[in-house]
Amino acid sequence: MVARHLKTAAVTSVDNAAASQKVSDIVKGVISDIRNNGDKAVRSYSEKFDKWSPDSFKLSEGQIQEAISKVPEQTIADIKQAQRNVRIFAEAQRASIKDIEIEIQPGVFLGHRNNPITTAGAYIPGGRYPLLASAHMTILTAKVAGVKHVVACTPPINGEIPNATVAAAHLAGADEIFILGGTQAVAAMAIGTETIRKVEFLAGPGNAFVAEAKRQLFGEMGIDLLAGPTEILIVADEHADPFTVATDLLSQAEHGPDTPAVLITTSEKIGQETLRFIGEQLKTLSTAQLAGTSWRDFGEIVVVDSLDEAYQLADVYASEHVQILTQKPREALDKMTNYGALFLGDKTCVSYGDKCIGTNHVLPTRKGGRYTGGLWVGKYLKTQTYQEVTSEKASGELGRLCGRCARAELFEGHARSGDLRAQLYLKDQHEWIEQARK
């Protein structure tokens with residue numbers, strides 16, 4: 001496969017190594033301080049990073065209702081519609097997950113139950129943009145899975161309560177809402193403080209500090225995934241509309257200054273036209289400073305000879321969002337396996353997934369699509385196995401097998417558990433049992 005770049009990325013991950021180490025060191029210090037000093041440290045960092053120090057970070061029911069009252073009626077209606085879509089898809093996913101029990105031989109029963117996590121945290125970003133859609137994706141999905149208690153944290157925006165985000169969190173079913181952001185919010189939920197409940201699992205996107213805090217705290221709590229900057233990759237054939245390609249690439253590039261936006265196309269003409277339209281659209285895009293920086297530093301346009309090559313190369317990128325703008329977009333379902341989510345055809349787009357269509361927008365980045373999918377109801381469930389033996393004959397036979405298997409691995413204690421059942425139910429004789437019973 002010979003790929004030709006019409007545009008290459010100017011910045012590589014190596015260039016960001018020093019910055020990543022700095023973030024890691026800062027996060028480590030914040031976590032340590034909160035571990036030792038609880039709410040006092042949380043308040044200190046909220047004042048330092050967000051200039052936010054209310055009497056209580058937790059919103060009262062009155063404060064929640066006041067925030068909702070300040071949100072335009074159309075926005076409330078739109079939140080409810082988007083959440084309806086998310087709920088319908090999440091409920092269908094939950095229905096697809098079954099408890100099982102089988103009798104693998106007479107008197108030997110094996111099964112599993114899908115039990116929800118008891119307490120989950122939801123982090124809803126809000127620094128650059130009020131990402132209220134993250135409330136739908138984290139809180140509502142947890143509730144559909146059966147999580148009993150969801151703690152939501154979202155930062156203030158310019159020293160104010162983000163009313164629309166609070167409305168989204170409340171309507172999604174959050175049991176507690178804290179106006180608290182960044183590493184201090186993640187650490188407080190993971191460790192627990194005098195006023196913030198410790199959670200068993202935390203989900204939600206965030207900046208580099210939030211992602212690093214989740215990485216360092218993984219193990220004390222479960223996490224959805226380790227996410228980096230937003231990514232988009234478009235596969236386009238010669239029939240694609242380059243204006244649409246340009247628009248959709250920039251729709252994700254505006255997330256931040258470090259968003260990889262990649263076009264893989266079978267048509268050099270489509271590539272060149274897309275490059276031109278991106279330049280034109282950046283002249284009028286209100287978020288051009290961010291989108292333009294991302295496109296300059298991380299944007300790529302790659303020309304390949306065939307769609308098969310395009311799909312193969314796209315699988316190597318394993319991008320978070322993969323949009324297919326070809327005559328037969330559903331081919332990608334069979335041709336590709338490495339991605340966060342697929343967006344098939346020009347009648348859908350990544351922005352639908354981000355905001356309202358119903359699939360979850362918390363997705364793997366940095367090639368994570370090679371080994372995991374995104375956030376879904378299954379992430380909030382523990383698939384836990386059980387076994388029961390009701391037949392004496394089966395237990396004795398399993399005891400004999402266990403004894404042989406365990407001794408092959410030099411586990412004498414394991415073997416004796418099997419020996420005992422063989423002795424009890426099949427009357428096998430074992431010298432160690434006779435000696436130990438004296």
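The structure reproduced in this document is the subject of the present report.

**Remarks on the overall build of the protein chain**
Alright, step 1. Across its full length, the protein chain carries 16 helices and 14 strands.
Alright, step 2. The C-alpha extent of the protein chain, read off along each of the three principal axes, is 90 × 60 × 45 Å.
Alright, step 3. In the protein chain, which comprises 438 residues, the share counted as buried stands at 49%.
Alright, step 4. Looking at the protein chain alone, contacts between residues at least 24 apart form 72% of all its contacts between residues at least 6 apart.
Alright, step 5. Accessible surface computed for the protein chain: about 21500 Å², of which carbon and sulfur atoms make up 52%.
Alright, step 6. Charged side chains in the protein chain number 47 positive and 53 negative. The centres of these two groups are separated by 4 Å.

**A look at the pairing of strand S6 (residues 176-179)**
Alright, step 1. In S6, alternate side chains face the same way, and those of Glu-176 and Phe-178 on one face and Ile-177 and Ile-179 on the other are all buried.
Alright, step 2. Sheet analysis places strand S5 (residues 149-154) next to S6, joined by 4 bridges and oriented parallel. Bridge assignment links Ala-152 to a residue of S6, and that residue is Ile-177.
Alright, step 3. Crossover connection from S5 via helix H5 (residues 163-172) to parallel S6: handedness right-handed.

**With respect to the pattern of salt bridges**
Alright, step 1. Within this structure, the stated rule accounts for 18 salt bridges.
Alright, step 2. The salt bridge involving Asp-224 is made with Lys-214; its shortest N-O contact spans 2.7 Å. With Asp-224 in the loop between strand S8 (222-223) and strand S9 (232-236) and Lys-214 in helix H7 (residues 208-217), this pair connects stretches of sequence that are 10 residues apart. In this structure, Asp-224 and Lys-214 share a single accessibility class: buried.
Alright, step 3. Note that Asp-308 is salt-bridged to Lys-335, the shortest N-O span being 3.0 Å.

**A closer look at the sheet that holds S6**
Alright, step 1. Read from one edge to the other, the open sheet built from 5 strands follows the order S6-S5-S4-S7-S8, with strand pairing classed as parallel. This sheet does not close on itself; its edge strands, each paired only once, are S6 and S8.
Alright, step 2. Of the strand pairs in this sheet, strand S7 (residues 201-203) and S8 are connected by 2 bridges, and their pairing is parallel. Across the sheet, residue Leu-202 finds its bridge partner in S8, namely Ile-223.

**Some remarks on the pairing of S5**
Alright, step 1. Counting buried positions over the 6 residues of S5 gives 6, a clear majority of the element.
Alright, step 2. Burial of S5 is two-sided: the residues His-149, Val-151 and Cys-153 facing one way and the residues Val-150, Ala-152 and Thr-154 facing the other way are all buried.
Alright, step 3. Direction of pairing for strand S4 (residues 119-123) relative to S5: parallel, over a ladder of 5 bridges. Counted as the bridge partner of Ala-122 is Ala-152 from S5.
Alright, step 4. You can see the chain leave S4, run along helix H4 (residues 133-145) and come back into S5, and the turn it takes is right-handed.

**Points about helix H9 (residues 268-282)**
Alright, step 1. Over its 15 residues, H9 runs 21 Å from end to end, which matches the ideal 21 Å to within 8%, given 1.5 Å per residue.
Alright, step 2. Where H9 is concerned, the buried positions are Ile-270, Gly-271, Thr-274, Phe-277, Ile-278, Gln-281 and Leu-282. The arc that holds the buried residues of H9, viewed along the axis, is 130 degrees, so those residues lie on one side.

**Remarks on the packing of helix H8 (residues 242-253) against helix H10 (residues 288-298)**
Alright, step 1. Two elements in contact, H8 and H10, have axes separated by 8 Å at closest approach and are oriented at 105 degrees. What the angle tells us is that H8 and H10 run roughly perpendicular. Side by side, H8 and H10 meet where Leu-249, Leu-250 and Ala-253 of the first sit next to Leu-290, Ala-291, Ser-294 and Trp-295 of the second.

**Structural notes on the side chain of Ser-24**
Alright, step 1. Within the fold, Ser-24 resides in helix H1 (residues 17-50).
Alright, step 2. Assessed through its relative accessible area of 14%, Ser-24 is described here as buried.
Alright, step 3. At a separation of 3.1 Å, a polar atom in the side chain of Ser-24 contacts the side chain of Glu-212.
Alright, step 4. Once you skip the residues sitting within four places of it in the chain, Ser-24 turns out to touch Glu-212, Arg-215 and Gln-216.

**With respect to the side chain of Asp-354**
Alright, step 1. Looking at the element boundaries, Asp-354 is found in helix H13 (residues 350-355).
Alright, step 2. No salt bridge is formed by the buried Asp-354; its nearest oppositely charged neighbour, Lys-355, is found at 5.4 Å.
Alright, step 3. At 2.9 Å, the side chain of Asp-354 forms a polar contact with the side chain of Gln-252.
Alright, step 4. Residues contacting Asp-354, with those up to four places away along its chain left out, are Ala-133, Met-137, Gln-252, His-255, His-321 and His-361.

**Regarding the environment of Ile-433**
Alright, step 1. Topologically, Ile-433 is positioned in helix H16 (residues 431-437).
Alright, step 2. Not counting residues within four places of it along the chain, the set of residues in contact with Ile-433 comprises Asp-419, Leu-420 and Gln-423.

**Thoughts on the packing of aromatic side chains**
Alright, step 1. Overall, the coordinates contain 3 aromatic pairs when judged by the stated rule.
Alright, step 2. Ring centres of Tyr-45 and Phe-49 lie 5.9 Å apart, and the angle between their planes is 15 degrees; on these two criteria the pair is classed as stacked. Note that Tyr-45 and Phe-49 are positioned in helix H1 at a spacing of 4 residues, about one turn of the helix.
Alright, step 3. Take Phe-49: its relative accessible area is 40%, and that puts it in the partly exposed class.
Alright, step 4. Plain terms: the ring middles of Phe-243 and Phe-277 are 5.2 Å apart, the flat faces sit at 85 degrees to each other, and that makes the pair edge-to-face. Placement of Phe-243 in helix H8 and of Phe-277 in helix H9 is noted, with a sequence separation of 34 residues between them.
Alright, step 5. For Phe-243, a relative accessible area of 42% gives the class partly exposed.
Alright, step 6. Classification of Phe-277 by relative accessible area gives buried; the value is 17%.
Alright, step 7. Above the face of the Phe-277 ring, Arg-276 is positioned so that its terminal group lies 4.5 Å from the ring centre.

Reading the values: rules and limits
Residues numbered from 1 in each chain as written. Predicted model: local features only at pLDDT ≥ 70, side-chain atom pairs only at ≥ 80, totals over all residues. Heavy atoms only, no water. Helix = DSSP H or I, 4+ residues; strand = E, 2+ residues; numbered from the N terminus. Buried < 20%, exposed > 50% of the residue type's maximum accessible area, 1.4 Å probe, protein only. Contact = heavy atoms within 4.5 Å. Areas by Shrake-Rupley, 256 points an atom, 1.4 Å probe, with all protein chains shown as cover. Lys, Arg positive; Asp, Glu negative; His and termini not counted. Charge placed at Lys NZ, Arg CZ, Asp CG, Glu CD. Pairing = 2+ DSSP bridges. Right-handed = clockwise from strand over helix to strand, strands pointing away. Salt bridge = Lys/Arg side-chain N within 4 Å of Asp/Glu carboxyl O. Expected span 1.5 Å × (residues − 1). Arc of directions from axis to C-beta. Axes fitted to C-alpha atoms, helices over the stretch in contact; angles between N-to-C directions. Parallel < 35°, antiparallel > 145°, perpendicular 65-115°, else oblique. Polar contact = N/O pair within 3.5 Å; in protein donor to acceptor, adjacent residues only side chain to side chain. Phe/Tyr/Trp six-rings, centres within 6.5 Å; stacked < 30°, edge-to-face > 60°. Lys NZ or Arg CZ within 6 Å of the ring centre and 35° of its normal.

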